[in-house]
Amino acid sequence: MTERYSGNMTSSLSFLICGLEHSGTTMVSDLLREHPDVDSGFECGVLLCSQPSDFLNYEPFCNHMVVGWGITQGEFADACQAQSFEEFYRRLFGYSSLVREKSAQQIFDKTPRYITDLGRVQQRCQKPIIAVIKDPRSLALSDFKRSKLPLERIDEWYEAWKEPKMAYMRSAYLGYQYAWKDDQCFVVRLEDICFDARNTVAAIYDFVGLDFKTEYLRLRGKRFNNTVGSSISVGACMQFLEDLPSEILERICSDFAEFDRWFFPF
């Protein structure tokens with residue numbers, strides 16, 4: 001049976017987090033969720049649709065809403081019946097057992113894929129947007145690890161990975177270029193979080209209007225397993241220097257050179 005919206009759900013969307021997958025969006029989410037008044041589910045994706053009703057069958061994002069936000073399928077269906085995105089979020093946040101458990105007042109939507117259509121996403125929500133970015137060489141290592149292939153097959157893997165990844169990164173790069181120019185967007189480098197954690201995370205908090213405390217760097221309340229460890233590690237952005245062969249690193253620098261602002265000067 002579909003749940004009906006009761007009309008007393010007042011929490012609205014506060015800000016967005018996006019960025020190419022495996023760039024550190026979950027870490028940024030974890031860092032912000034350390035604030036006692038901030039919470040979110042895992043991911044959403046509704047702003048990739050032209051209207052909330054389209055999201056009910058918008059795969060794969062719609063498939064993760066029930067578990068990722070602690071709602072029922074009926075509650076999700078009712079949220080998608082909202083006439084505006086603002087109303088969709090009010091219903092989602094009101095139904096979410098995760099949000100209610102923490103009594104959060106500042107609630108965000110972390111969906112990496114928003115970076116590929118950032119202009120339209122911004123038009124649909126009119127909220128501050130944090131865009132997380134990570135060096136392409138580090139992205140390559142993340143993707144290679146997920147392939148589960150042995151290192152001796154990395155040349156074969158790279159050739160199959162390069163072209164589709166480059167096409168996807170072009171669409172994402174347009175999003176980052178948009179974000180670099182827009183005052184409502186804040187591009188955050190994972191490398192800056194690792195090398196200058198206090199100042200960078202404080203700047204993130206300031207951008208979304210939250211008071212920062214150094215204790216929020218401890219990552220005590222992680223809900224998901226994407227972020228490894230309980231503290232920020234320099235190795236999170238430097239591991240590729242040890243794990244990827246030098247010839248692969250050189251090829252990435254050459255093949256992906258068009259994304260010049262994406263590289264970090266290690």
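Look above for the structure.
Cut-offs used in this document
Residues numbered from 1 in each chain as written. Predicted model: local features only at pLDDT ≥ 70, side-chain atom pairs only at ≥ 80, totals over all residues. Heavy atoms only, no water. Patch = residues over 30% accessible without salt bridge, like charges linked within 9 Å, V, L, I, M, F, W, Y side chains within 5 Å. Areas by Shrake-Rupley, 256 points an atom, 1.4 Å probe, with all protein chains shown as cover. Salt bridge = Lys/Arg side-chain N within 4 Å of Asp/Glu carboxyl O. Helix = DSSP H or I, 4+ residues; strand = E, 2+ residues; numbered from the N terminus. Buried < 20%, exposed > 50% of the residue type's maximum accessible area, 1.4 Å probe, protein only. Phe/Tyr/Trp six-rings, centres within 6.5 Å; stacked < 30°, edge-to-face > 60°. Pairing = 2+ DSSP bridges. Contact = heavy atoms within 4.5 Å. Axes fitted to C-alpha atoms, helices over the stretch in contact; angles between N-to-C directions. Polar contact = N/O pair within 3.5 Å; in protein donor to acceptor, adjacent residues only side chain to side chain.

A.B. asks: What exactly am I supposed to notice about a nonpolar patch on the surface here?
C.D. replies: Taken together, Phe195, Val234, Met238, Leu241 and Phe266 make up a surface patch of nonpolar side chains, about 390 Å² in accessible area. Position of Val234 relative to the elements: it lies in the loop between α10 (197–207) and α11 (235–238).

A.B. asks: How do you make sense of the pattern of salt bridges when you look at a structure like this?
C.D. replies: Note on pairing: side chains with opposite charge can pair once their charged atoms come close. In the structure shown here, the tally under the stated rule is 17 salt bridges. Among the salt bridges present, the one from Asp30 reaches Arg33, with a minimum N-O distance of 3.2 Å. Here Arg33 and Asp30 lie together in helix α1 (residues 25–33), a separation of 3 residues that amounts to about one turn. Arg33 carries the same exposure label as Asp30, and that label is buried. In this structure, Asp255 engages Lys162 in a salt bridge whose closest nitrogen and oxygen atoms are separated by 3.9 Å. Placement of the pair is Asp255 in helix α13 (residues 246–255) and Lys162 in helix α8 (residues 154–181), with a sequence separation of 93 residues. For Asp255, a relative accessible area of 25% translates into the label partly exposed.

A.B. asks: Would you mind showing me how to read unusual backbone geometry here?
C.D. replies: Note: most peptide bonds trans; most residues except glycine with negative phi. Residue Glu59 is joined to Pro60 through a cis peptide bond whose omega torsion reads 0 degrees. Looking at where Pro60 falls in the secondary structure, it is placed in the loop between β2 (38–39) and α2 (65–69). With a phi angle near 65 degrees, Lys148 is a residue other than glycine that sits in the positive phi range. Residue classification places Lys148 among the exposed residues on the basis of a relative accessible area of 72%.

A.B. asks: I would appreciate a short explanation of the packing of aromatic side chains in the present structure.
C.D. replies: Where two aromatic rings form a pair, the distance of their centres and the angle of their planes describe that pair. Tallied over the entire structure, the rule returns 26 aromatic pairs. Ring centres 4.9 Å apart and planes at 20 degrees place the aromatic pair Trp157 and Trp161 in the stacked group. Of this pair, Trp157 and Trp161 both sit in helix α8, 4 residues apart, which is roughly one turn of that helix. In this structure, Trp157 and Trp161 share a single accessibility class: buried. With centroids separated by 5.7 Å and ring planes inclined at 45 degrees, the aromatic side chains of Tyr158 and Trp161 adopt a geometry described as tilted.

A.B. asks: Can you walk me through the sheet that holds β2 in this structure?
C.D. replies: Hydrogen bonds between backbone groups are what pair the strands of a sheet, and the pairing can be parallel or antiparallel. Reading across the sheet, the 5 strands line up as β2-β3-β1-β4-β5 and stay open at both edges, with parallel pairing between neighbours. Here the strands that pair on one side only, and so sit at the sheet edges, are β2 and β5 (185–189). Of the pairings in the sheet, the one linking strand β4 (residues 129–133) to β5 comprises 5 bridges and is parallel in character. Within β5, the position partnered with Ile133 by the bridge is Arg189. Of the strands in this sheet, β1 (13–18), β4 and β5 touch helix α6 (residues 118–125), which is tilted by about 170 degrees from β1. Sheet strands in contact with α10 are β4 and β5, and its direction is about 165 degrees off that of β5.

A.B. asks: Sorry, what's going on with the side chain of Thr200 here?
C.D. replies: Structurally, Thr200 is set in helix α10. Of the polar contacts made by the side chain of Thr200, one reaches the backbone oxygen of Asp196; its length is 2.9 Å. Apart from the residues within four sequence positions on either side, Thr200 is in contact with Val188, Asp192 and Ile193.

A.B. asks: Just to check I follow, could you spell out helix α4 (residues 85–95) for this structure?
C.D. replies: An α-helical turn contains 3.6 residues, so any two residues separated by three or four positions project in the same direction. For α4, a buried count of 9 out of 11 residues is recorded, marking the element as mostly surrounded by other parts of the structure. Among the residues of α4, those classed as buried are Phe85, Glu87, Phe88, Tyr89, Arg91, Leu92, Phe93, Gly94 and Tyr95. On its buried side, α4 packs onto β1, α2, α3 (73–80), α5 (97–102), β3 (106–110) and α6.

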